[in-house]
Amino acid sequence: MSDRQAVVPNDLSAFWMPFTANRQFKQAPRMFVGAGDMHYTTSDGRQVLDGTAGLWCVNAGHCRPLITEAIQRQAAELDYAPAFQMGHPKAFELANRIVSIAPQGLEHVLYTNSGSESVETALKVALAYHRVKGEGSRFRLIGRERGYHGVNFGGISVGGIVTNRKMFGTLLTGVDHLPHTHNLAKNAFSRGQPEHGAELADELERIVTLHDPSTIAAVIIEPVAGSTGVLIPPKGYLEKIRAITKKHGILLIFDEVITGYGRLGTPFAADYFGVTPDILVTAKGLTNGVIPMGAVLVTAEIHDAFMQGPEHLIEFFHGYTYSGNPMASAAGLGTLETYRQEGLLTRGAELADYFADGLHSLAGLPNVIDIRNIGLVGAIELAPIPGSPTKRAFSAFLKAFEKGVLIRTTGDIIALSPPLIVQKHHIDEIVETLRTILSDLD
Ligand code: PXG
């Protein structure tokens, strides 16, 4: 065995794993001990093709040299600098680079350590913005059914995943939800944006009328919902949401934790759809998943509204010990430079058709009730086993792992989001592995 072979720990009980069936996992652990470009190495020495960019974050592929070297250098040069009332150059440099690739109008960056924290930050900025503008009565937040905005209290309040909400009491008050847009009866097997459902955006008018616009601070949605199974916005839907929010002075927040940094073949989903939010939430691909970091982008109008009053006073009472942390900033700079050198923020556009053709060639296999795609994101929805929802897709996940391909499942939906360095032959391998598995799945 190679020297990368890890010593597999003989007691797995101490680590209570996140979003994992712990008891099942610990009976038959699946461990990665190495990675490079498109592949992981397992603890038993197998290569596994990464069909999911880790958890939608390793957009440049694994162990990329510019990122590795940036982190190594930074660790030896400046390990930590206080985030409050002190700075270090790389945090500013990175913010400028983020703004330079962001949709026009988004000009300022607040740093966080994760997507969940980016969401909390965005919601707090939205509430505080209205207050500093003298509109403190705007306290309501509107999310969407089947939305995922991380796991903190604000995020699960505006989120729309029942299992993530039901255990945790009353959550935030003053939250309402739009309906989700997933409609298999009308849109199954759509390539790209589905035709039907733009009218669901009108529900926002209904909610706004119910509560009165003067009480609503912000609407938060994922342009493409990732975690709940790749729900692609119907044609015209996001444009309508933008128009309604603008009309009523409500801030629009796009949660681009998954769609940001090239996933759709454009730098951000806002670019893909031609719809610009007031606040744009990112994380994951910002640092290629290597060091935890998130960034929340806001317009000059929002930022400037806070920049008043005596100059020695703190303008916004929010931030983290690790906001703009030197190691994370270095990782972010190495990541954005890798994206730039290799054209990765737009590479998805070149491969999207090939990816779509491959995925849609699986139509007609047993239990496949929908296939959908946009950019380098795809989903295959399976009919659940009666009485055992999620089991069919999870068994596809286990079989794919055995056959050397990492896929992700949510409910009975298989989600695919390979690193943006993916080659056509990798796409073929993912598709053919799925064809074999789905042809013969209980
Ligand atoms: N917003 C969105 C849209 C996300 O997808 C978060 C916020 C939270 O990010 P953090 O960094 O706090 O986890 C996410 C995270 C999956 C999967 O397989 C998706 C996420 C995380 C883990 C797994 O669908 N999304």
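Residues numbered from 1 in each chain as written. Predicted model: local features only at pLDDT ≥ 70, side-chain atom pairs only at ≥ 80, totals over all residues. Heavy atoms only, no water.

Caption draft 1: Broad picture of the overall build of the chain. Check the secondary structure of the chain and you find 16 helices and 15 strands. The C-alpha atoms of the chain give 22 Å as radius of gyration, which agrees with the globular expectation for 442 residues (22 Å, within 12%). Summarising its shape, the C-alpha atoms of the chain cover approximately 65 × 55 × 45 Å along the three principal directions. Burial analysis of the chain (442 residues in total) assigns 55% to the buried set. In the chain, of all internal contacts separated by at least 6 residues, the share reaching a separation of at least 24 is 72%. With an accessible surface of roughly 19400 Å², the chain has 55% of that area assigned to carbon and sulfur atoms. When the 38 positive and 45 negative side-chain charges of the chain are each reduced to one mean point, those points stand 4 Å apart. (Helix = DSSP H or I, 4+ residues; strand = E, 2+ residues; numbered from the N terminus. Rg over C-alpha atoms; globule rule 2.2 N^0.38 Å. Buried < 20%, exposed > 50% of the residue type's maximum accessible area, 1.4 Å probe, protein only. Contact = heavy atoms within 4.5 Å. Areas by Shrake-Rupley, 256 points an atom, 1.4 Å probe, with all protein chains shown as cover. Lys, Arg positive; Asp, Glu negative; His and termini not counted. Charge placed at Lys NZ, Arg CZ, Asp CG, Glu CD.)

Caption draft 2: Expanded view of a nonpolar patch on the surface. On the surface, a cluster of nonpolar side chains totalling about 350 Å² of accessible area is made up of F153, M167 and F168. Within the secondary structure, F168 sits in the loop between α7 (162-165) and β6 (175-178). (Patch = residues over 30% accessible without salt bridge, like charges linked within 9 Å, V, L, I, M, F, W, Y side chains within 5 Å. Salt bridge = Lys/Arg side-chain N within 4 Å of Asp/Glu carboxyl O.)

Caption draft 3: Broad picture of the sheet that holds strand β12 (residues 377-382). Taken together, four strands build an open sheet; the order of strands is β11-β12-β15-β14 and the sheet is antiparallel. Each edge of the open sheet carries a strand with a single partner, namely β11 (368-374) and β14 (408-410). Neighbouring strand axes in the sheet, compared pairwise and without regard to direction, differ in orientation by 20 degrees on average. Taken together, the six bridges between β11 and β12 define a ladder with antiparallel strand orientation. Bridged to N373 within β12 is G378. Packing of helix α14 (residues 344-360) onto the sheet brings it into contact with β11, β12 and β15 (413-416), and relative to β11 it is tilted by some 180 degrees. Contacting β11, β12 and β15, helix α16 (residues 424-438) crosses the sheet at an angle of about 165 degrees to β15. (Pairing = 2+ DSSP bridges. Axes fitted to C-alpha atoms, helices over the stretch in contact; angles between N-to-C directions.)

Caption draft 4: Spatial organisation of the site of the ligand. With respect to spatial proximity, 15 residues lie near the ligand, and among them W56, G115, S116, D255 and R408 are the closest. At 3.5 Å from a nitrogen atom of the ligand is found a main-chain nitrogen or oxygen belonging to Y148. Contact distances for the ligand include 3.3 Å between a nitrogen atom and a side-chain N or O atom of K284. Isolated, the ligand exposes 540 Å² of accessible area, and the fraction of that covered by the protein chains is 85%. (Near = heavy atom within 4 Å. Polar contact = N/O pair within 3.5 Å; in protein donor to acceptor, adjacent residues only side chain to side chain.)

Caption draft 5: Layout of helix α10 (residues 237-247). When α10 is considered as a whole, its buried residues turn out to be Y237, L238, I241, R242, I244 and T245. Its buried side turned inward, α10 meets β5 (140-144), β6, α9 (203-211), β7 (216-221), β8 (251-255) and α11 (269-273). Remark: G249 follows α10 within two positions and exhibits a positive phi of approximately 70 degrees.

Caption draft 6: Region of the structure containing the side chain of H248. Tracing the sequence through the fold places H248 in the loop between α10 and β8. H248 gets classed as buried once you look at its relative accessible area, which sits at 16%. At a separation of 3.1 Å, a polar atom in the side chain of H248 contacts the side chain of E205. If we skip the residues at most four places from it in the chain, H248 touches R138, E205, V208 and P213.

Caption draft 7: Up close: the pattern of salt bridges. Inspection of the entire model under this criterion finds 16 salt bridges. Residues K235 and E195 are paired through a salt bridge, measuring 2.5 Å at the closest nitrogen-oxygen approach. Of this pair, K235 sits in the loop between β7 and α10 while E195 sits in the loop between α8 (184-187) and α9, and the two are 40 residues apart along the sequence. K235 gets classed as partly exposed once you look at its relative accessible area, which sits at 39%. Among the charged side chains, a network of salt bridges with common partners joins D37, R64 and E342.

Caption draft 8: Just the packing of aromatic side chains, in detail. Counted according to the given criterion, the structure contains seven aromatic pairs. Judged by centre distance (6.2 Å) and plane angle (85 degrees), the ring pair of Y80 and Y322 falls under edge-to-face. Of this pair, Y80 sits in the loop between α3 (65-77) and α4 (89-101) while Y322 sits in the loop between α12 (300-306) and α13 (326-342), placing them 242 residues apart in sequence. Note on Y322: relative accessible area 45%, which makes it partly exposed. (Phe/Tyr/Trp six-rings, centres within 6.5 Å; stacked < 30°, edge-to-face > 60°.)

Caption draft 9: Quick look at the layout of surface pockets. Here the second largest pocket is characterised by a volume of approximately 1200 Å³. If you go around the second largest pocket, you meet 36 residues; those closest to its centre are A83, V109, L110, E315 and H318. At the level of secondary structure, the elements contributing two or more residues to the lining of the second largest pocket comprise α4, β4 (106-112) and α12. Here the residues of the lining of the second largest pocket sort into 22 nonpolar, eleven polar and three charged. (1 Å grid on protein atoms, 1.4 Å probe; cavity = no way out; pocket = protein on both sides within 12 Å on 5 of 7 lines; lining within 4 Å. Points joined across faces, edges and corners; volume = space filled by probe spheres on them. Nonpolar A, V, L, I, M, F, W, Y, C, P; charged D, E, K, R; others polar.)

Caption draft 10: Representation of the pairing of strand β3 (residues 47-50) within the structure. Relative to β3, strand β2 (residues 39-42) runs antiparallel, the two sharing three bridges. Across the sheet, residue T41 finds its bridge partner in β3, namely Q47. Where β2 folds back onto β3 in an antiparallel hairpin, the turn is made up of four residues, including G45, whose phi is positive at roughly 85 degrees. Sheet topology note: the β3/strand β13 (residues 405-406) ladder contains two bridges and is parallel.

Caption draft 11: Representation of the side chain of T266. Along the chain, T266 falls in the loop between β8 and α11. At 2.8 Å, the side chain of T266 forms a polar contact with the backbone oxygen of F268.

Caption draft 12: The arrangement of the sheet that holds β2 in detail. Ordered by their spatial adjacency, four strands build an open sheet running β1-β2-β3-β13, and the pairing between neighbours is mixed. Because the sheet does not close on itself, it has two edges, and the strands there are β1 (32-36) and β13.

Caption draft 13: Quick peek at the pairing of β5. Burial analysis of β5 places four of its five residues in the buried class, the great majority of the element. With four bridges connecting them, β5 and β6 associate as parallel partners. Each residue of the ladder has a partner; that of I142, found in β6, is D176.

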